[in-house]
Each structure stands twice: as C-alpha cells, then as structure tokens.
Amino acid sequence: GAMWENARRFAAYVSGEDSVVESPSPSPSKLENGAEARDQPHPAGTSTSTSTTSTTSYDKRKALMPREWSESQRDKLLKILNKSVVDIEQLQQVSWGGIPQDLRPICWQLMLGYLPRETSSWQDVVNCKRKAYRDLLKTHYEVSNSRKSEEELGTLRQIAIDAPRTEPTVKLFGKSALQRSLIRILYIRACTHPSSGYVQGLNDVLTPFLHVFLSRVFPGDMGTWDVDSIHDDKLIDIEGDCYWCFCKLMDRVEDMYTRGQPGIRHCVETMEHLLKRVDQELSLHMEKEGLELLHFTVRWFNCLLMRELPFHLVCR
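Residues numbered from 1 in each chain as written. Predicted model: local features only at pLDDT ≥ 70, side-chain atom pairs only at ≥ 80, totals over all residues. Heavy atoms only, no water.

## Concerning the pattern of salt bridges
Next, step 1: Taken as a whole and assessed by the stated rule, the structure comprises 12 salt bridges.
Next, step 2: Between Arg134 and Asp237 there is a salt bridge whose closest N-O contact spans 3.0 Å. Linking Arg134 in helix α7 (residues 122-141) with Asp237 in helix α11 (residues 232-252), this pair joins segments that are 103 residues apart in sequence.
Next, step 3: The class for Arg134 is partly exposed, based on a relative accessible area of 27%.
Next, step 4: When the shortest N-O distance is used, the salt bridge between Asp162 and Arg165 registers 3.3 Å.
Next, step 5: Accessibility expressed as a relative area gives 3% for Asp162, which makes it buried. (Salt bridge = Lys/Arg side-chain N within 4 Å of Asp/Glu carboxyl O. Helix = DSSP H or I, 4+ residues; strand = E, 2+ residues; numbered from the N terminus. Buried < 20%, exposed > 50% of the residue type's maximum accessible area, 1.4 Å probe, protein only.)

If you want it as structure tokens, here you go:
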C-alpha cells in the first residue's frame, strides 16, 4: 500500500498531473520496478489540471524522448524518487550521471529545496507555494502604475527592454506568453529582494527553469511547443514553480548581484589562482599583455555561463 502510494504520487507529479488521484492497488510484482509502477492507469477525468491521464501523458513524453540516458541511470533515480522520504544527498550524487528530461523537473525541485523530502507533502507544498506566488502578483505586479514607486517603474521598464533579448537562439522565449512570464517573475523577484533587485543577465539565468518546468506540460522537442495556447491558470502555476526555484538558486549566489558584486570578485580571484596552478604559461602571458580576467569573465559569472554554452547543454 505505502509503496504503491509513493509510486502513484510520483507518476502523477512527473507526468504533469498536479492532483493526486485515487487508484486501486496493483499486484506486488508491479512495485518491483519504478517504471512499471508509473504505468498503472489513473481513472479518467480525475485530474483538474489536464484532460489526459498521467499514464498517457508519460507515454507520449517517453516516446518522444531522445535516448541519451542509460536505463540503469534511470532506474537509479527512480529507486530514490519512489521512496516515501527522498534521500537528497543520494539524489545529488546519482544526478552527476545525468538526469533524463522527463525526470528533470522533479529532481531539480527536490535538490533546490522547493519540494520537501517527504513525498506525502508534495502536493500541499506546491499548492501553498503557487497560491503565495499569485498573492505576490496581486501585491506587486497587478497594481496600477500610480501605486508603484519610481524605482519599481524603472525596474519594470528595464526588464521589459531585456526580455525580448533573452536567449535569442531559442525561439521559445520570444513567444508572447513566455515574454510575459519572464517579466512577471523577474519583476516580483526584484520587488521581494531589494538588496540585489534586478540585474541584466538574470533573464538568461531564469530560462532553464521555464524550459524544464514547461516540459511537464509539453512533450517532445521545445521547437514544437505551442506555449501561447496554454491556459493562463496553468501558466501561472508553472511560473510559480519557476519563481520559487529561481529564488532558491539566487539565494545561493545573492552576493554576486548585490552592491559591489563581492561574489563575482571572489569568483574571479578563485579563477586567477586556478589558472596559475593549471596553466602558468598562459597566466604569465596574460599578465605580460595586461589582460585581466575581470575584463571578460564578469559576464561568465553574472549569467552563470548561460550565454557561453548552447542552451540544450545548459539544461543538462
């Protein structure tokens, strides 16, 4: 019973089903393999988030996934995820071997601390966080401009200018629905974290979250995703997940965006020490030519290398 409950909850969540539904218990043999447990059908029409069952959604997603990952790696992750209490340290360790696309959303949310270790609490936490995000929208974004400060209006204008420049090699982020999502998330984050506010480049840092969490709704290659057709309520739910995970990441690198950017300076100093140790010849040549790492690495660290790598590699 408990094992099936965990497997069922995981199947619903990883397939984009945000409501946990009841289903009869399978035979014990079905619980021996995480993938088989996920293939148990859900009663039609029980989800409030989509008209298809999680099984159908997952099968479509699996059929369109590239064969990038070994089955043994998938099995290792499923074994961890299908427990009533997820071992985050073990998940982090196994994830170094790569995370298949369909498991990426749940793994990211767990490792960032958005989802708790206890799988029984997942839905309550997600519902609470999404509601909190909607409240933030009402408080900060949906108020009239006359109630916003000059600083807030300036931030909003700058974000609106930067949003269309986001990851120009990926057409997905030029879609009007995602342009609005980028602006809302970045603006709310700037309002709730005034010490760092908004810094150019954060729009690029946000993109992997939007891509990965949208993949729970849209299977296959992102070039085929019709995000402009997604229902507003569903989009706001995905935004909420992105916002909180984005904040979790930013909390870890906050000093890279505060006044004086001490975090970036520390990264540059660390890189200088590494360069001298790994390639002393290059280090001496750069010193002779008067070329400092600070001249060209600020963008690397400011955007967490998002602009230096192909987007599909960033998400992996």
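Okay, back to it.
## Description of the packing of aromatic side chains
Next, step 1: Enumeration over the complete set of coordinates arrives at 9 aromatic pairs.
Next, step 2: A centroid spacing of 5.3 Å and a plane angle of 75 degrees characterise the contact between Phe173 and Phe311, whose relative ring orientation is edge-to-face. Of this pair, Phe173 sits in the loop between α8 (150-162) and α9 (176-192) while Phe311 sits in helix α15 (residues 311-315), placing them 138 residues apart in sequence.
Next, step 3: Phe173 sits in the buried class, given a relative accessible area of 0%.
Next, step 4: Judged by relative accessible area, Phe311 falls into the buried class, the value being 6%.
Next, step 5: Measuring from ring centre to ring centre gives 6.1 Å for Phe209 and Phe213, while their planes differ by 45 degrees; the resulting arrangement is tilted. Here Phe209 and its partner Phe213 are both found in helix α10 (residues 202-214), 4 residues apart, which amounts to about one turn of the helix.
Next, step 6: Judged by its relative accessible area of 5%, Phe209 is buried.
Next, step 7: Owing to a relative accessible area of 2%, Phe213 belongs among the buried residues under this scheme.
Next, step 8: Ring-pair connections join several aromatic residues into one group, and the members of that group are Trp108, Phe209, Phe213 and Phe246. (Phe/Tyr/Trp six-rings, centres within 6.5 Å; stacked < 30°, edge-to-face > 60°.)

## Observations regarding the layout of surface pockets
Next, step 1: The computed volume of the largest pocket comes to approximately 760 Å³.
Next, step 2: Along the wall of the largest pocket there are 22 residues; nearest its centre are Ile99, Trp108, Met111, Val314 and Arg316.
Next, step 3: Broken down by secondary-structure element, the contributors of at least two residues to the lining of the largest pocket are α5 (88-95), α6 (104-111), α10, α11 and α15.
Next, step 4: Class assignment of the residues belonging to the lining of the largest pocket gives a composition of 16 nonpolar, 3 polar and 3 charged. (1 Å grid on protein atoms, 1.4 Å probe; cavity = no way out; pocket = protein on both sides within 12 Å on 5 of 7 lines; lining within 4 Å. Points joined across faces, edges and corners; volume = space filled by probe spheres on them. Nonpolar A, V, L, I, M, F, W, Y, C, P; charged D, E, K, R; others polar.)

## A short note on the environment of Met250
Next, step 1: Along the chain, the position of Met250 falls in helix α11.
Next, step 2: On a C-alpha basis, the gap between Met250 and His193 in space is 10.0 Å, while along the polypeptide they are 57 residues apart.
Next, step 3: Residues within four places of Met250 in sequence aside, it is in contact with Arg189, Leu202, Val205 and Tyr257. (Contact = heavy atoms within 4.5 Å.)

## Some remarks on the confidence of the model for the protein chain
Next, step 1: When pLDDT is averaged across the protein chain, the result is 82; 78% of the residues are at 70 or more.
Next, step 2: Within the model, pLDDT remains below 50 along residues 19-58, and this stretch shows 73 contacts once partners closer than five positions in the same chain are excluded. (pLDDT = per-residue confidence, 0-100.)

## Some remarks on the packing of α7 against α11
Next, step 1: The contact between α7 and α11 brings their axes to 9 Å, and the two run at 100 degrees. The angle between the axes of α7 and α11 places the two elements in the roughly perpendicular class. Listed contacts from α11 to Val126, Lys129, Arg130, Ala132, Tyr133, Arg134, Leu136 and Leu137 of α7 are Asp233, Ile236, Asp237, Glu239, Gly240, Asp241, Tyr243 and Trp244.
Next, step 2: Taken together, the residues of the contact of α7 with α11 break down into 8 nonpolar, 1 polar and 7 charged. (Axes fitted to C-alpha atoms, helices over the stretch in contact; angles between N-to-C directions. Parallel < 35°, antiparallel > 145°, perpendicular 65-115°, else oblique.)

## Regarding the environment of Leu112
Next, step 1: Position of Leu112 among the secondary structure elements: in the loop between α6 and α7.
Next, step 2: Residue classification places Leu112 among the buried positions, given a relative accessible area of 13%.
Next, step 3: Expressed as a C-alpha distance, the spacing of Leu112 and Cys247, which sit 135 residues apart in the sequence, is 9.5 Å.
Next, step 4: In contact with Leu112, other than residues within four places in its own chain, are Phe209, Cys245, Lys248, Leu249 and Arg252.

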